[in-house]
Amino acid sequence: MDRTLIAAAFAASIMAPLTVMVYAKGEGSRDALPSGSVSRAAGLEAWKRIEAVVSHPRCANCHVDTRGIPIWTPAGETESRVHGMNIHAGLSRIGAEEIPCSTCHMTSTLPNDPAPAPPRAGIPWQLAPVEFLWYGQSGAEICKQLRDPARNGGRDAVALLDHLRHDASLSGFIPRGWEPGEGRSTPPGTFEDHVRDMAEWGAAGQPCPE
């Protein structure tokens with residue numbers, strides 16, 4: 001089997017469960033606020049806080065383009081750069097064609113060890129789908145992508161909250177962003193702050209800066 005077929009098989013195995021998650025209603029529905037209960041101005045303020053999270057290297061580094069090259073910010077450094085060791089996640093987004101992400105990044109719900117030990121999460125390590133591009137994008141571009149069902153996995157505002165809660169229930173990448181292990185920077189605020197901001201932004205109609 002050639003690498004293209006391997007990549008397609010792995011991509012299909014990854015995206016199938018993600019597709020189910022899009023339409024599953026979970027705990028996030030409890031976080032949702034009534035539509036229109038938050039003003040546009042307050043929604044834009046909430047977006048500023050969301051932007052600070054999703055543009056932080058801890059979150060954006062795996063939301064990369066079609067080249068499938070993860071970005072990282074090594075411990076003790078402030079500037080992000082191309083992942084070391086010539087790592088490419090390929091079409092599969094999990095490195096099936098070269099070196100699988102799981103070679104170093106274990107699936108585990110145990111607390112992350114201090115840097116430089118590779119961070120881990122409760123779900124298999126992988127890059128976000130290409131449609132979820134964040135790295136190198138402006139806040140306005142990320143905002144428009146995040147509210148667009150064609151580029152966010154088919155999610156409306158409530159389903160985005162469901163996604164956050166579902167990922168947290170698995171000890172996935174999102175909550176782990178605030179628990180990466182000693183020696184690594186974290187996004188501002190907390191995971192619960194992020195959920196509240198997403199709820200406010202959604203209730204305001206998901207406004208984006210011009």
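Described in the following lines is the structure provided in the data block. What you see is a predicted model; the values in this text were computed from it and never measured.

Observations concerning the packing of helix H6 (residues 157-169) against helix H8 (residues 191-203)
The angle between the axes and the distance between the axes are what describe a pair of packed helices.
Turning to step 1, where the next piece is worked out: Where H6 contacts H8, the axes come no closer than 9 Å and their chain directions differ by 165 degrees. As judged from the angle between their axes, H6 and H8 are roughly antiparallel. Pair H6 / H8 crosses with left-handed handedness. Taken together, the residues of H8 that come into contact with H6 (itself represented by Ala157, Leu160, Leu161, Leu164, Arg165 and Ala168) are Phe191, Glu192, His194, Val195, Met198, Ala199, Trp201 and Gly202.

What to know about the pattern of salt bridges
Turning to step 1, where the next piece is worked out: Evaluation of the coordinates by the stated rule reveals ten salt bridges.
Turning to step 2, where the next piece is worked out: Its salt-bridge partner being Arg49, residue Glu200 comes within 3.6 Å of it at the nearest N-O pair. Taken together, the residues span a long stretch of sequence, with Glu200 in helix H8 and Arg49 in helix H3 (residues 40-54) at a distance of 151 residues.
Turning to step 3, where the next piece is worked out: We classify Arg49 as partly exposed; its relative accessible area is 38%.
Turning to step 4, where the next piece is worked out: A salt bridge links Arg196 to Asp193; the shortest N-O distance between them is 2.5 Å. Of the two residues, Arg196 and Asp193 are both situated in helix H8; the distance of three residues between them amounts to about one turn of the helix.
Turning to step 5, where the next piece is worked out: The structure contains a network of salt bridges with shared partners spanning Asp31, Arg165 and Glu192.

With respect to the state of the cysteines
Turning to step 1, where the next piece is worked out: Tallied over the entire structure, the rule returns one disulfide.
Turning to step 2, where the next piece is worked out: Two residues, Cys143 and Cys208, share a disulfide whose sulfurs are 2.1 Å apart. Every disulfide takes its handedness from the sign of the S-S torsion; for Cys143 and Cys208 that torsion is -90 degrees, giving left-handed. Within this pair, whereas Cys143 is found in helix H5 (residues 139-146), its partner Cys208 is found in the segment after H8, the two being separated by 65 residues in sequence.
Turning to step 3, where the next piece is worked out: Its relative accessible area of 0% is what places Cys143 among the buried residues.
Turning to step 4, where the next piece is worked out: The buried category is assigned to Cys208, whose relative accessible area is 4%.
Turning to step 5, where the next piece is worked out: We note that Cys59 lacks a disulfide partner, and the nearest cysteine sulfur, in Cys62, lies 9.6 Å from it.
Turning to step 6, where the next piece is worked out: You can see Cys104 has no disulfide; the closest cysteine sulfur is in Cys101, sitting 9.4 Å from it.

Parameters and conventions
Residues numbered from 1 in each chain as written. Predicted model: local features only at pLDDT ≥ 70, side-chain atom pairs only at ≥ 80, totals over all residues. Heavy atoms only, no water. Axes fitted to C-alpha atoms, helices over the stretch in contact; angles between N-to-C directions. Helix = DSSP H or I, 4+ residues; strand = E, 2+ residues; numbered from the N terminus. Parallel < 35°, antiparallel > 145°, perpendicular 65-115°, else oblique. Left-handed = near helix turned anticlockwise from the far one by under 90°. Contact = heavy atoms within 4.5 Å. Salt bridge = Lys/Arg side-chain N within 4 Å of Asp/Glu carboxyl O. Buried < 20%, exposed > 50% of the residue type's maximum accessible area, 1.4 Å probe, protein only. Disulfide = S-S within 2.5 Å.

Geometric values such as these leave the question of function open.
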